[in-house]
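Tertiary structure, described
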Amino acid sequence: MYNLIADDFDSSCFLQNVREESNKQGLKHLQILILFEILGEKNINLASVQRGISVIQQILRMKKVLLILDEVAKRKQLKAFAGRSDWFGPDNRVIITTRDEQLLKSHEVERTYELKELNTNDSLQLLIWNAFKRENFDPSYEDVLERVATYASSLPLALEVIGSNLVGKSVEE
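We now turn to the structure provided with this report.

How each quantity is defined
- Residues numbered from 1 in each chain as written.
- Predicted model: local features only at pLDDT ≥ 70, side-chain atom pairs only at ≥ 80, totals over all residues.
- Heavy atoms only, no water.
- Helix = DSSP H or I, 4+ residues; strand = E, 2+ residues; numbered from the N terminus.
- Buried < 20%, exposed > 50% of the residue type's maximum accessible area, 1.4 Å probe, protein only.
- Contact = heavy atoms within 4.5 Å.
- Salt bridge = Lys/Arg side-chain N within 4 Å of Asp/Glu carboxyl O.

Take Ser123: it is sitting in helix 7 (residues 120-132). Classification of Ser123 as buried rests on a relative accessible area of 1%. Once the C-alpha coordinates of Ser123 and Val148 are considered, the two residues, 25 residues apart in sequence, prove to be 9.6 Å apart. If near-sequence neighbours (up to four positions away) are discounted, Ser123 is found in contact with Leu118, Ala149, Ser154 and Leu159.

To continue, consider the pattern of salt bridges. One pass over the structure, following the stated rule, counts five salt bridges. For Glu20, the salt bridge is made with Lys24, and the minimal N-O distance between the two is 3.1 Å. Remark: Lys24 and Glu20 occur in helix 2 (residues 18-25); sequence separation between them is four residues, near one turn of the helix. Overall, the relative accessible area of 36% leaves Glu20 in the partly exposed class. Taking the shortest distance from any N to any O, the salt bridge between Glu71 and Arg99 comes out at 3.5 Å. Of this pair, Glu71 sits in the loop between strand 2 (65-69) and helix 5 (75-82) while Arg99 sits in the loop between strand 3 (93-96) and helix 6 (101-106); the two residues are 28 residues apart in sequence, bridging distant segments of the chain.

Rendered as structure tokens:
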């Protein structure tokens, strides 16, 4: 989705795995990444997370920005990157992915969309693409692939990880 619409904005940023990356590198580091992506400036220094909040707020009001925050887990993460709805101009878009619906409610997110699980066919296609890098594959793999897709419970990340681990392996492996 990001790649399809990013060109419609002055600037864009896709911040992946916010939950994991904020634990590893901290909120200030992620704020610097956002500012780098939006401004294109390499030498951005922030004295604190609070300073980052005010800089991001100023920039989001001045530019038409697409900001995607992936796998947000805590309210403080949302506050650090997308404080309140009045931070954004009318043409800005912020897309937040999270497993915590209450987090979105507490942040007063206006519109939400709940993703449905992949169906069996889509799960198999994702797994096949990650395992074989193409749609066609040796039919002898079919039973194994169906069992793997069932095991992964149609979770896209699990299908991608397992599929990438199947690359170049025989049916027996």
